[in-house]
Amino acid sequence: TDINDTTTISDNTADNTHDMISSKIVKTSQEVKTTNKNPTKKTKQVDKQTKKEQTTEIYTIDNYETLKNSWNNIQENGNNETQYTLNIKNGKYLFEEELEAKPSNDTRYITVNGQDMNKTILDGQNKTRLFNLNNTNQVIKFNNITFTNGHSTEGGAIYDNSITIYNNTQFINNLVYNNNTSAYG
């Protein structure tokens, strides 16, 4: 297993915003055998090295409440034997509160896929952070998503202390505010 620390900086010159996200990328290689009993809901995989079966649970998201309920279900009832995928349809998802990665002893693998980066928009409405990923036991991938208008004292859009990978994502107009200018950037 290779672990690399990376920093991703997004510079949106249209409104002069800058966001910095630090993350760790884990690269692994494993041969897996896939059997697909229900192509829209669950896939079972057997890792040839450990002979351990893994299940994939796929959620289709079309509104904020479904996103929140699916995320919370994974956090409360998830396990390390399941790969979780949240497929978010194009649209603007107005966050009323942050979605939090709950502390756990087991590793969870979560992939959050937007349909199109420019059309799948997660919006904090300038009143909340979008995700609080303060759990080093989770591996989270975000693909094809715009994070906008996040607002918090730590991590405007995302407070990140997990292993997180960002692919084809953009961060626009996210704000960190704090009276202590030396804390949290």
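What you see is a predicted model, and the numbers here were worked out from it, not measured in a lab. (Residues numbered from 1 in each chain as written. Predicted model: local features only at pLDDT ≥ 70, side-chain atom pairs only at ≥ 80, totals over all residues. Heavy atoms only, no water.)

A word on the nonpolar core. If you look at the biggest cluster of nonpolar residues, it comprises 27 residues, and the most contacted ones within it are W71, F95, L122, F131, F142, F147 and I158. Breaking this core down by element, the ones donating at least two residues are β5 (53–61), α1 (64–77), β6 (82–88), β9 (108–114), β11 (131–133) and β12 (138–143). A total of four residues in this core trace back to one element, the largest contributor, which is α1. If we skip the residues at most four places from it in the chain, F147 touches L122, L130, F131, F142, A157, I158, T169, Q170, F171, I172 and N174. (Core = buried A, V, L, I, M, F, W, Y, C linked by side-chain atoms within 4.5 Å. Buried < 20%, exposed > 50% of the residue type's maximum accessible area, 1.4 Å probe, protein only. Helix = DSSP H or I, 4+ residues; strand = E, 2+ residues; numbered from the N terminus. Contact = heavy atoms within 4.5 Å.)

In this model, the protein chain carries an average pLDDT of 76, and 68% of its residues clear a pLDDT of 70 or more. Low pLDDT, under 50, characterises residues 1–40; the predicted model gives this stretch 76 contacts beyond four residues in sequence or across chains. (pLDDT = per-residue confidence, 0-100.)

If you trace the three strands from one edge of the open sheet to the other, you get β8-β11-β15, paired in parallel fashion. The sheet terminates laterally at β8 (99–100) and β15 (158–160), the two strands that pair on one side only. Where β8 lies against β11, two bridges are found, and the strand directions are parallel. Following the sheet pairing, L99 is matched in β11 by F131. (Pairing = 2+ DSSP bridges.)

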